[in-house]
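# Summary of the model geometry
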Amino acid sequence: MDATTCASSSLNFYKKNGFNEIGRKKSSDGFLRLPSSQRNNNGEKIVSLKMVKSRDLRQRKLVGFELSCSYNNCQAPALESEKSHGFVDEPSILKKKSQDVVPYMNGRCIYLVGMMGSGKTTVGKILSEVLGYSFFDSDKLIEQAAGGTSVAQIFKQYSESFFRDNESAVLKDLSLMRRLVVATGGGAVIRPINWKYMKQGITVWLDVPLEALARRIAAVGTNSRPLLHHESGDPYTKALQRLSTLSKERGEAYANADARVSLEHIADKLGYEDVGNLTPLSIAVEVLEQIEKFLQGEEETARNF
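The structure displayed is predicted, hence computed values, not measured ones.

## Concerning the sheet that holds strand β8 (residues 180–183)
If you trace the 5 strands from one edge of the open sheet to the other, you get β7-β8-β6-β9-β10, paired in parallel fashion. Taken across any chain shown, the strands that pair with only one partner, and hence form the sheet edges, are β7 (134–137) and β10 (259–262). Taking each pair of neighbouring strands and ignoring which way they run, the sheet shows an average axis angle of 20 degrees. Relative to β8, β7 is paired through 4 bridges, and the arrangement is parallel.

## Side note on the pattern of salt bridges
Summed over the entire model, instances satisfying the criterion amount to 13 salt bridges. Here D100 ties to K96 by a salt bridge, and the two come within 3.0 Å at their closest N and O atoms. In this pair, D100 and K96 are both assigned in helix α1 (residues 90–101), 4 residues apart and thus about one turn of the helix distant. Relative accessible area serves as the criterion here: at 46%, K96 is assigned to the partly exposed category.

## Things to note about the environment of R250
Along the chain, R250 falls in helix α8 (residues 235–254). Residue R250 is classed as buried on the basis of its relative accessible area, which comes to 3%. Taking the C-alpha atoms as reference, R250 lies 9.2 Å from G114; in sequence the two are 136 residues apart.

## Notes on the packing of aromatic side chains
Tallying each qualifying case throughout the model produces 3 aromatic pairs. Aromatic side chains W205 and Y254 sit 5.8 Å apart centroid to centroid with 15 degrees between the ring planes, which places their arrangement in the stacked category. Within this pair, whereas W205 is found in strand β9 (residues 202–207), its partner Y254 is found in helix α8, the two being separated by 49 residues in sequence. Since its relative accessible area comes to 14%, W205 is described here as buried. Over the face of the ring belonging to W205 we find R260, whose NZ or CZ atom lies 5.5 Å from the ring centre.

Here is what the cut-offs are and how they apply
- Starting from 1, residues in each chain are numbered consecutively following that chain's sequence as written.
- Only residues with pLDDT of at least 70 are given local features in this predicted model, and only at 80 or more are side-chain atom pairs given and counted; all residues enter the totals for whole chains, interfaces and linings.
- To get the side-chain values, take all heavy atoms of the structure and skip hydrogens and water.
- Note on pairing: DSSP must find at least two bridges between two strands before they are called paired.
- Note on conventions: DSSP H or I runs of at least 4 residues are helices, E runs of at least 2 residues are strands, and numbering of each starts at the N terminus.
- An axis is simply a line fitted to the C-alpha atoms; with a helix, the fit covers only the stretch in contact. Between two such axes, the angle follows the N-to-C directions and lies from 0 to 180 degrees.
- Basic side-chain nitrogens of Lys or Arg form a salt bridge, by our definition, when they fall within 4 Å of a carboxyl oxygen of Asp or Glu.
- To sort residues, take the accessible area from a 1.4 Å probe on protein chains only and compare it with the maximum for the residue type: under 20% means buried, over 50% means exposed, and anything in between is partly exposed.
- The aromatic pairing rule takes the rings of Phe, Tyr and Trp, using the six-membered ring of Trp, and pairs them if the centres are within 6.5 Å, calling planes under 30 degrees apart stacked, those over 60 edge-to-face and the rest tilted.
- Distance and angle both matter: a charge sits over a ring if NZ of Lys or CZ of Arg is within 6 Å of the ring centre and within 35 degrees of the ring normal.

Printed below as a string of structure tokens:
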């Protein structure tokens, strides 16, 4: 595909007891359901995700927002990479691998899971462009539903539990859609119900060494990372200590993913001693290779039955 595809999104809030644009009242559990796909006058696919925001955020969950995705051709943003891979033509390899994989995905979404700072958003955007999918960051959707309030501020002003409730609500509605790449929050894996939603698609774990994660986070600061605020010490030490604890708590959960992408494995394969030398493109290639292996395993299992 020469032209890349991106999704433009808008969020509009509605009163809790109101109706959405197409006149459908929310269901008894307080959530408005995803309507069927529609097309505009230009024949472009439009998908609307309807939810409602409560008046009192402290007493009720953010039960939603309206998300409209219009699949239009647009210019792909420039992709930042750390170092060149010599004579390896990564864009061509990525394009070829996407052409091999996408026909067998049947429109299933891709959910990227992993620790904070693992590159889910960067890699997710690359994957969405090369696959012709739309990209969403679940944390950003929650922030938008909260009127632009940051995740760190949501944690501080309300609670982590409040944030997790809304994270589950977002994943539930995204699971009803197709042809998406979703970058999830680092803690999305801790609730079993979230796996039910994400397993409607293909889940991929970006497994990054903790030292590399700590270096990345320390370089950009920890202010946007609410779970790092209570640690003491310099930014690197603070990040590494907390990441080590979170890794022990979440390691088994991450392992539930359909595919694992180990940055150490990629670096070893490409002859790098430091995973920091890997480009986002090389990681995206590995994601597609691991998805291909997963799909082949599914096919073999189906044949055996």
